[in-house]
Each structure stands twice: as structure tokens, then as C-alpha cells.
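The lines below spell out each chain.
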Amino acid sequence: MFELLNRLTGGRSAPATREEPTITPDPGLQDAADGASTVSSSDSQGMMELFQLNPSAAGPVVNANTAMRVTAVYSCVRLLAGAVATMPVHIYERTATGRTRVDHDAWWHLNQQASELFTASAMWEHGMASMLLRGDGLAWLHRNRRGELTGIEPLPRNRTIIEKKNGRLRYHASLDEGYVGLDQDDVLHIPNVGFDGITSPSVIGLAAKQGIGLAMAAEEYSARFFSNGARPDHVISMEGSPTQEQVDRIRDNWLKRHTGVANAHLPGMLVGGAKLHQITMNAEDAQLMEARQFQVVDIARAFGVPTWMIGAMDKSTSWGSGLEQMGLGFIIYTLQQHLTRAAQEINRKILRDRRLFAEFNVNALLRGDAKTRSEYYKGALGGTQNPGFMTPNEVRAKENLPPIEGGDTLYTPEGQTNADA
């Protein structure tokens with residue numbers, strides 16, 4: 001693969017150094033990059049999409065673009081990507097007594113501005129959406145000559161070839177500026193479940209392809225059904241073979257007399273043996289509506305998202321009764337696996353120091369109501385005559401309040417010391 005790419009680009013490839021890789025535009029690759037159907041040969045799902053070889057059993061072709069037209073898929077991706085994008089990333093240093101938060105240069109790129117073109121939230125949303133829809137979230141770590149991080153630029157997965165050579169991964173991306181080759185240390189790679197050391201399967205390709213295809217087919221059928229107006233609400237039958245003029249006159253008279261709010265309850269009068277029949281939803285139509293509702297649940301299950309969070313209201317939930325408890329379940333059983341993979345990539349490719357580690361602050365999503373926070377802080381400060389485990393200034397910091405003098409003392413009940421507690 002690597003030799004083939006060298007022949008395509010005239011033998012040009014970026015060295016695996018800490019310096020910024022040199023981008024040399026290539027006419028052939030640039031023309032391909034400008035095309036809407038550009039796909040890397042290592043992206044098996046993308047190749048299947050390009051040649052329309054992966055239709056679902058229901059008929060519609062399911063890929064990263066068509067799947068996002070399904071509201072359930074769009075809601076799941078928006079929810080997961082948005083949740084990660086809104087959580088701050090803190091950097092800590094391990095100490096003899098635990099950990100302490102430190103001010104690191106990478107904080108700005110992880111929380112505010114990833115690069116000149118991307119805010120940090122947009123970068124995280126791009127990476128998460130790419131991971132969910134295409135299997136891998138990729139971002140180029142720009143460094144200066146000293147190896148210091150200067151920016152994070154998201155990479156398009158469908159235009160990036162990933163290969164393993166000499167025990168290391170190489171990334172070959174076709175960008176608007178040209179073609180670039182990157183070493184694994186210069187790419188933030190967030191994989192999905194099923195990572196084989198090189199690439200990962202997407203949620204669509206791994207679990208939700210048939211469910212999304214069925215949802216698309218049901219939606220298309222329903223749209224065509226109502227757009228064609230194939231089924232009226234009433235039918236007027238007549239004995240014999242009336243002329244077209246008679247049919248039109250009876251229909252027009254009926255509409256004129258019974259159309260509108262004022263005429264809604266007027267009694268109908270039919271002559272000449274005409275009879276009125278009301279048409280109701282048959283069992284097949286009712287099953288179609290149930291199938292569409294079930295597909296929302298099925299798609300949400302594949303993404304690990306509770307249905308109530310994407311607008312599909314269930315009668316009950318097993319994740320607790322309160323909003324805070326359900327939000328906690330969402331973080332523990334859905335988000336945490338994605339956050340762990342992202343944090344570990346930050347640790348080994350950006351911080352690169354065993355004393356330092358990054359952590360997403362999930363408390364940003366768990367901020368309870370004022371009464372709940374008040375009761376928690378009361379116990380944390382030792383309000384029940386038990387040893388406190390938070391100082392007043394630590395509580396004030398969580399509420400975005402400035403510290404106060406004397407607020408760094410941990411409360412202990414009378415007659416106890418910190419050592420006894």
C-alpha cells in the first residue's frame with residue numbers, strides 16, 4: 001500500500017518527524033479530493049458505499065450520509081457528539097497524596113480553540129460523529145520543531161488511508177491543500193468498539209445497518225403514500241353505471257355542503273341509491289406505524305442512547321426515576337467508554353508524561369437542582385457532625401465563586417483530628 005502511494009505521488013511522503021509535515025499538492029490526488037465520491041482504499045465501508053454494494057435488506061443504501069437523514073440517527077449522533085463537546089477537559093498531575101490540577105499549554109486547544117479553523121467543541125463533535133458514523137475519529141496534531149502542540153485539525157475519515165508498517169500506523173490524508181502523510185504520534189485516533197489495531201467498524205456497519213434501512217424504507221413508503229393521496233376518507237357508491245357527469249355532480253355537491261367547520265355536523269343526503277362508506281386504517285397501516293416506532297428504539301439501542309433522550313417517550317425506564325439518576329446512567333453506561341478512549345489518546349499523544357493525565361469533567365452534565373446541591377454540600381462540609389471531605393473553598397469553586405479567607409480548612413468534629421478522621 002505504501003509503495004503504491006509513493007508511485008501515485010511521485011515518491012513524495014512526509015517523514016515521521018516532529019516537524020510539520022510538508023504538504024506537496026499532487027494534481028491527480030487534488031482532483032480526487034475535490035470529488036464528492038473520494039474514498040480511501042482502506043475504508044471498506046466507504047468502498048462499498050461508492051459502488052452501491054451495501055444496500056440494506058429493506059432496499060435503501062445505508063451509509064454515513066444517508067443514515068443522518070433518519071431523525072433517530074441524527075438525534076443519537078447529535079446527542080453523543082454534543083455531550084462530549086460540552087464537557088471540559090482538565091489536566092492533572094499525580095502527587096504523593098492524590099492529584100492536583102495543573103495549567104498546561106494543551107488546555108487551550110482541548111477546551112477553547114483547537115486550530116485556526118476549528119473551535120474545541122467543533123473539533124470534538126467532528127471526531128465523535130466520524131467515530132460513530134465511520135468507525136474512527138481522526139485529528140492531526142500540529143507541532144512545532146520542539147514537538148510542542150500548536151493546533152488540532154480534524155481529518156476526514158473517508159479521505160484518509162490508514163496502514164500498518166513496521167509495527168506503527170501511518171495516516172495518508174488527502175486534504176484541500178494537497179496530500180500529507182503522518183506518523184501515529186501526530187494523529188489523535190479515537191476508535192470505536194471493535195478496533196483491530198488499524199481501523200474500527202462504525203455503529204452503522206456493525207449493528208444498525210438493517211434497522212436504519214428499515215426505517216428509511218418505512219419513511220419513504222409513508223411519504224409516498226400521503227403525497228399521492230392514495231386513500232380518501234370516504235367513498236360514495238352508486239348502483240348501476242352512472243355517467244361521469246353524474247359522478248362529478250354528486251361529489252361536488254357533497255363537498256360543497258359538507259366542507260368547512262360550519263358544515264361539519266350537517267346530516268348527509270344521498271339520492272338515487274347512493275351510499276356513503278367511511279374508510280378506516282387497516283391492520284397493515286397500523287403495523288407500519290408500529291414498525292416506525294420500533295425502529296426508533298432499535299436505532300437508539302445500537303447507539304447506546306436511552307430513547308427518552310431523543311424524543312421517543314417510553315412508559316417507563318430502568319435507569320432511575322429522577323432526571324439526575326437517568327443522566328448518571330447515560331454517562332456511566334454510554335458516554336464513559338468514549339471518554340476513556342479519548343482521554344487515553346490525549347495522555348499518550350499530547351501530554352506524553354506519566355505524571356500527567358487528562359480527564360473529562362462529567363460533573364458539567366450532572367449539575368443537579370439547587371436543593372440537591374445544597375444537601376450534598378452540607379454533608380461534604382461535615383454538616384451532620386461527621387468529618388468533612390470538602391473545604392468551603394472547594395465547594396465555592398464548584399459553584400464558580402471566588403475563594404474566601406480561611407476557607408481551606410477541612411472541618412472535623414470537636415475532639416477529633418484530621419488523622420483520627
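Just above sits the structure.
Draft legend 1. Highlighting the overall build of the chain. On a plain count of helices and strands, the chain comes out with 13 helices and 11 strands. By residue count, 39% of the 421 residues in the chain fall in the buried class. Put simply, of all contacts in the chain between residues at least 6 apart along the chain, 62% involve residues at least 24 apart. Accessible surface for the chain amounts to roughly 24400 Å². Of this, 53% is attributable to carbon and sulfur atoms.

Draft legend 2. The side chain of R143, seen in detail. Mapped onto the elements, R143 comes out in strand 3 (residues 136-143). On the accessibility criterion, R143 (2% relative accessible area) is buried. A polar side-chain atom of R143 sits 2.9 Å from a polar atom in the side chain of D186. Side-chain polar atoms of R143 contact the backbone oxygen of K349, separated by 2.6 Å.

Draft legend 3. Spotlight on the nonpolar core. By size, the foremost hydrophobic cluster in this structure holds 58 residues, and its most contacted members are W124, I212 and F303. Examining the composition of this core, we find that 10 residues originate from one element, helix 5 (residues 71-86), more than from any other. For F303, the contacting residues outside a window of four places in its chain are V73, C76, V77, L80, L132, V203 and T334. In this structure, Y171, A173, L182 and V187 belong to the second largest nonpolar core, which totals 11 residues.

Draft legend 4. Examining the sheet that holds strand 2 (residues 98-101) more closely. Spatial strand order, 2-1-11: three strands in an open sheet with antiparallel pairing. Pairing within the sheet leaves two strands with one partner each, and these edge strands are strand 2 and strand 11 (356-360). For this sheet, the mean angle separating the axes of adjacent strands, direction not counted, is 40 degrees.

Rules behind the numbers
- Residues numbered from 1 in each chain as written.
- Predicted model: local features only at pLDDT ≥ 70, side-chain atom pairs only at ≥ 80, totals over all residues.
- Heavy atoms only, no water.
- Helix = DSSP H or I, 4+ residues; strand = E, 2+ residues; numbered from the N terminus.
- Buried < 20%, exposed > 50% of the residue type's maximum accessible area, 1.4 Å probe, protein only.
- Contact = heavy atoms within 4.5 Å.
- Areas by Shrake-Rupley, 256 points an atom, 1.4 Å probe, with all protein chains shown as cover.
- Polar contact = N/O pair within 3.5 Å; in protein donor to acceptor, adjacent residues only side chain to side chain.
- Core = buried A, V, L, I, M, F, W, Y, C linked by side-chain atoms within 4.5 Å.
- Pairing = 2+ DSSP bridges.
- Axes fitted to C-alpha atoms, helices over the stretch in contact; angles between N-to-C directions.

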